[in-house]
Amino acid sequence: MSDQFSEQLLNLFCGLFLLTAVGVLWRREVSALITLLTAQGLMLTGIAVVLATRHRSAEAFAIALGIGLLKAGVVPWMLRRVRRQVPAARETRPLVNVSASLIAAAGLTLVAYAAAKPLVALAPSASAHATPVGIAVVLLGFFLAATRQRAISQIIGVLLIDNGVAAVAFLATGGVPLIVELGVSADLALAVLVLQILTSRLHQAFGPTDLDELRELRD
Amino acid sequence: MTTTLALAAPAAAPLLAALLALVLPWRTAAVVGVAAAVTILAGGVILATRVTGEPAVRGLVRADALTTWMLIVIGAVATLATASAIAYLRPESAVERRRYLVLTQLFLGCMSMAVLADNLGLLWVAIEATTIVTAFLVGHRRTRESVEAAWKYVVLCSVGVAIAFLGTVCIYAASVAAGGSGATALNWSYLTGHTAGLDPALVRLATGLILLGFGTKAGLAPMHAWLPDAHSQAPAPVSALMSGVLLSVAFYAILRYKAITDAVIGPAYTRILLIIGALASLAVAAILLIAQRDYKRMLAYSSIEHMGLIALGAAFGVQLAMAAVLLHVLGHGLAKSVAFCASGRILTTTGSPAIAAVRGMAARHPSLAATFGVSAVALLGLPPFSLFASELGIARGGFAAGHGWIVAVAFTLMLIAFAAIARHVLGMLLGPPTPPAFPPEEGGGPRPDGTSGKGGAASLGVLAAGLAVAALLGVWLGPLADLLDTAAAIATGGR
């Protein structure tokens, strides 16, 4: 793979990575959200593979493979299980409507470029220049988790944040060390499992209601 | 050889106990759990005698004085919590007992791993794992309240800790750019030795993210929203562990990062952020304690108050304040875990979590009332308990560092919290006994075996011993004094 081609590929994957996050804000159907999240996982895997090719490291390829399995395979599979347990899962009334959300997404992306300056300044490589994309996805994840009412939307918000942090790790440093990556992936898979079980318990305890109705505990 | 064993045991023993809890009868498994907790304590004590000069390092695991201090805190609180869990578990069903025993042991193992990890990435992994294993402990009772608390807990802490991971990635990027490579580049011992090359702008970004992220897990305001819910809904011995040590373990992560960032960008930035978090926590706790109606929530807000004080001492950053912070971590761990365990007994005895429903405890259940009352006295920071000494130390450290005004504001807020807690606890202990105004809750009705029986008396004995240690530490530190000094020096100055 020539340098120029790998750089173009990297930019393509980063662009689509950000685009899928914006798409999550745009769509309300939960099945569409899960598809977008799967696509985002694939883009993240793509980024990891391009960087692994560049470093010619077997360890990096192994990490990329693992990321692909986890983010485009295991996590979407668990989310589909949540969806089966909790039918009628459509975001009915987000706190912020779709067009306002998209404007907020543009604003947050600008903020991300400002916040990521120290990371971009660190190295002159093309991959370091793409780190704001990761930060932007983190911010979009926050926005989603804060403004959506359904349990599954909040899970997707948490996953967006996680994908964003993983992208920053790949783009800024070529990926965290293998041992840390293993631990982080195990934590993520278990956290999604825990959230899946809690979602069904929430459904049992509260019925098909919005999280807004969680008002048992307050001072 | 002994050192290797002592480094491995604090994490390995609870994991082994968790495996055994899958197969053994629950009583035996609970006793094995107590043994695992004692092993953590013993590991800490053995390491303490060996690491005063040089830290002990074995691969990814490293122990210096700060680590061993934290291991002693975890071990001591875990011993109290696991011992009083036996009485707690008796009325539960077989499945619930087993799940409880397995998860609490995994929880202990994760906390030991967090303080033993040299690699900051693994420190993060261990802290995130505590959220996962405690989620079902918080949601143990499966009522609407506890499911809601568990949901908030997992979502807020996962998001918070993800921010901390972004901070970790920034530190790693800075370290790699400065010539580090592989897993070594994230080792705390490597980073504190190579602070010169780290990019200050990036470290500043990381500092904010780390404080926000681990601050969420440490229960500092304004990221504390999950804490009162989770701590009031979890089974009492789990609340004791979460309040007594988990918050401090998260704060320990902040201390480790502070040693690095102070060397790169100076202490001023971290100090301001910590002071804001500390004063906000103290204010939130003081305000919400005044009209508190639930005694477990009262204890949870008291934890926010104490974490605020700990953050304040860490912000001052002088040796005296840092030693007081670490002593406060131990004293608060002991007193708060006793208070939570006793509150669990009050809940099973009276069947109501409301302060107003518990009156005249001193007359009806004198030994339980005495345990709860004395633990509250300790938490209020009265002598002879060690919290008095450590609060005094933090205040003196603040004046020494030239922050007299901040100390004055903080202690005014603490005075409000003091008055609120004292009023609530006095009412519970001495108020006129009334017939229970609240109907017993579903499944949690009064149980005659609340304080009677062999197991009940034995576990109250353990709690009394915990309080005795907290009182002893207030007047005499003994061999711990050297360890405390070295640990405080590490937290202040890196090496």
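None of the values given here were measured: they were computed from a predicted structure.

**A short note on the overall build of chain A**
- Secondary structure summary: chain A contains nine helices and zero strands in total.
- N-terminal to C-terminal, the α/β element order of chain A is α-α-α-α-α-α-α-α-α.
- Against the 2.2 N^0.38 benchmark of 17 Å for 219 residues, chain A shows a C-alpha radius of gyration of 18 Å, consistent with a compact globule.
- Based on the C-alpha atoms only, the size of chain A along its principal axes is roughly 55 × 35 × 35 Å.
- Of all intrachain contacts in chain A linking residues separated by at least 6 positions in sequence, the fraction that spans at least 24 positions is 73%.

**Quick notes on the overall build of chain B**
- The secondary structure content of chain B amounts to 19 helices and two strands.
- Here the C-alpha radius of gyration of chain B, 21 Å, is about what a compact globule of 495 residues would show, namely 23 Å.
- Burial statistics for chain B: of 495 residues in total, 64% are counted as buried.

**As for the interface of chain A and chain B**
- At the interface, 36 residues of chain A touch 39 residues of chain B.
- When contributions to the side of chain A that touches chain B are tallied by element, the ones reaching two or more residues are α5 (117-122), α7 (131-147), α8 (151-173) and α9 (178-206) of chain A.
- Per-element accounting of the side of chain A that touches chain B gives the leading share, 14 residues, to α9(A).
- For the side of chain A that touches chain B, the class distribution of residues is 28 nonpolar, three polar and five charged.

**Topic: helix α17 (residues 404-430) of chain B**
Residue and element names in this part refer to chain B.
- Relative to the 39 Å expected for 27 residues at 1.5 Å per residue, α17 spans 37 Å between its end C-alpha atoms, a close match to the ideal helical length.
- Among the residues of α17, Ala 410, Leu 413, Met 414, Ala 417, Ala 420, Ile 421, His 424, Val 425, Met 428 and Leu 429 are the ones counted as buried.
- Those residues of α17 that are buried lie in contact with α11 (268-290), α12 (295-316), α14 (361-364) and α15 (366-379).

**Thoughts on the nonpolar core**
- Counting 281 residues, the largest nonpolar core has A:Ile47, A:Leu140, B:Val77, B:Val169 and B:Cys170 as the members making the most contacts within it.
- It is helix α6 (residues 144-177) of chain B that provides the largest number of residues to this core, a total of 23 residues.
- Once you skip the residues sitting within four places of it in the chain, B:Val77 turns out to touch B:Ala240, B:Leu241, B:Gly244, B:Val245, B:Gly333, B:Leu334 and B:Ser337.

**So, the packing of helix α2 (residues 30-55) of chain A against α8(A)**
All names here are of chain A.
- Two elements in contact, α2 and α8, have axes whose closest approach is 11 Å; the angle formed by their N-to-C orientations is 10°. As judged from the angle between their axes, α2 and α8 are roughly parallel. Residues Val 30, Leu 33, Leu 37, Gln 40, Leu 44, Ile 47, Ala 48 and Leu 51 of α2 form the contact with α8, whose own contacting residues are Ile 152, Ile 156, Leu 159, Asn 163, Ala 166, Ala 167, Phe 170 and Leu 171.
- Residues of the contact of α2 with α8, tallied by class, amount to 14 nonpolar, two polar and no charged.

**Remarks on the environment of B:Ala422**
Residue and element names in this part refer to chain B.
- Relative to the assigned elements, Ala 422 resides in helix α17.
- We classify Ala 422 as partly exposed; it has 14 C-beta atoms within 10 Å.
- For Ala 422 and Leu 320, which are 102 residues apart along the polypeptide, the C-alpha to C-alpha distance reads 29 Å.

**What about unusual backbone geometry?**
Residues and elements named next belong to chain B.
- The omega angle of the peptide bond from Ala 221 to Pro 222 is 0°, so this bond is cis rather than trans.
- Here Pro 222 shows up in the loop between α8 (200-217) and α9 (226-233).
- Here the bond from Pro 383 into Pro 384 is cis, since omega is 10°, no more than 30 degrees from zero.
- Mapped onto the elements, Pro 384 comes out in the loop between α15 and α16 (386-400).
- The phi dihedral of Arg 142 is positive, around 60°, even though this residue is not glycine.
- Assignment of secondary structure puts Arg 142 in the loop between α5 (120-138) and α6.

**Quick notes on the confidence of the model for chain B**
Residues and elements named next belong to chain B.
- A residue-level look at chain B finds 95% of positions with pLDDT of 70 or above and a mean pLDDT of 91.
- Counting contacts from residues 439-452, a segment whose pLDDT is below 50, to residues more than four positions away or on other chains yields 23 contacts.
- Interface predicted TM-score (ipTM) for the complex: 0.93; the corresponding pTM is 0.93.

**A word on the packing of α6(B) against α9(B)**
Residue and element names in this part refer to chain B.
- Their axes nearest at 9 Å, the elements α6 and α9 cross at an angle of 135°. One element, α6, and the other, α9, form an angle in the oblique class. Between α6 and α9 the crossing geometry is left-handed. Packed against α6, whose contacting residues are Glu 145, Ser 146, Ala 149, Lys 152, Tyr 153, Leu 156 and Cys 157, the element α9 presents Trp 226, Asp 229, Ala 230 and Gln 233 at the interface.
- Looking at the contact of α6 with α9 residue by residue, the classes come out as six nonpolar, two polar and three charged.

**What to know about α6(B)**
All names here are of chain B.
- Given a rise of 1.5 Å per residue, 34 residues ought to cover 50 Å, and the 49 Å separating the end C-alpha atoms of α6 matches this to within 8%.
- α6 sits mainly inside the fold: 31 of its 34 residues count as buried.
- Gly 179 sits one or two positions beyond α6 and adopts a positive phi of about 110°.

**Thoughts on the environment of A:Thr199**
Residue and element names in this part refer to chain A.
- Relative to the helices and strands, Thr 199 is located in helix α9.
- With 116 residues separating them in the primary sequence, Thr 199 and Arg 83 have C-alpha atoms 9.7 Å apart.
- Excluding residues that lie within four positions of it along the chain, Thr 199 makes contacts with Val 82, Gln 85, Val 86, Ala 151 and Ile 152.

**Re the environment of B:Leu379**
All names here are of chain B.
- With respect to the secondary-structure elements, Leu 379 resides in helix α15.
- In this structure, the C-alpha to C-alpha distance between Leu 379 and Ser 302, residues 77 residues apart in sequence, is 8.1 Å.
- Residues within four places of Leu 379 in sequence aside, it is in contact with Ser 302, Ala 335, Lys 336, Ala 339 and Leu 387.

What counts and how
Counting restarts for each chain, with residues numbered from 1 along the sequence as it is written. Whichever chain is written first is A, and whichever ligand is written first is 1; the rest continue in order. Local features in this predicted model are restricted to residues of pLDDT 70 or higher, and side-chain atom pairs are both shown and tallied only at a pLDDT of 80 or more, whereas totals for entire chains, interfaces and linings draw on every residue. Helix and strand labels come from DSSP, where a helix needs a run of H or I of at least four residues and a strand needs a run of E of at least two; each type is numbered from the N terminus. C-alpha atoms define the radius of gyration in this analysis, and the globule rule sets the expected value at 2.2 Å times the number of residues to the power 0.38. Here, residue contact means that the backbone-derived C-beta atoms of the two residues sit within 7 Å. Counts of 20 or more other C-beta atoms within 10 Å of a residue's own C-beta define buried residues, counts of 12 or fewer define exposed ones, and intermediate counts define partly exposed ones; C-beta atoms are placed from the backbone. Think of it as three bins: nonpolar holds Ala, Val, Leu, Ile, Met, Phe, Trp, Tyr, Cys and Pro, charged holds Asp, Glu, Lys and Arg, and polar takes everything else, Gly as well. Expected span of a helix, by definition, is 1.5 Å for each gap between consecutive residues, and there is one gap fewer than residues. One nonpolar core equals one set of buried Ala, Val, Leu, Ile, Met, Phe, Trp, Tyr and Cys residues connected by C-beta atoms within 7 Å. Every axis corresponds to a line fitted to the C-alpha atoms, with the helix fit spanning only the stretch in contact, and the corresponding angles, defined between N-to-C directions, vary from 0 to 180 degrees. For classification purposes, angles smaller than 35 degrees are called roughly parallel, those larger than 145 roughly antiparallel, those between 65 and 115 roughly perpendicular, and all remaining angles oblique. On a scale of 0 to 100, pLDDT captures the predictor's confidence in every residue. For any helix crossing, the convention is left-handed if the near helix is rotated counterclockwise from the far helix by under a right angle, and right-handed if that rotation is clockwise.

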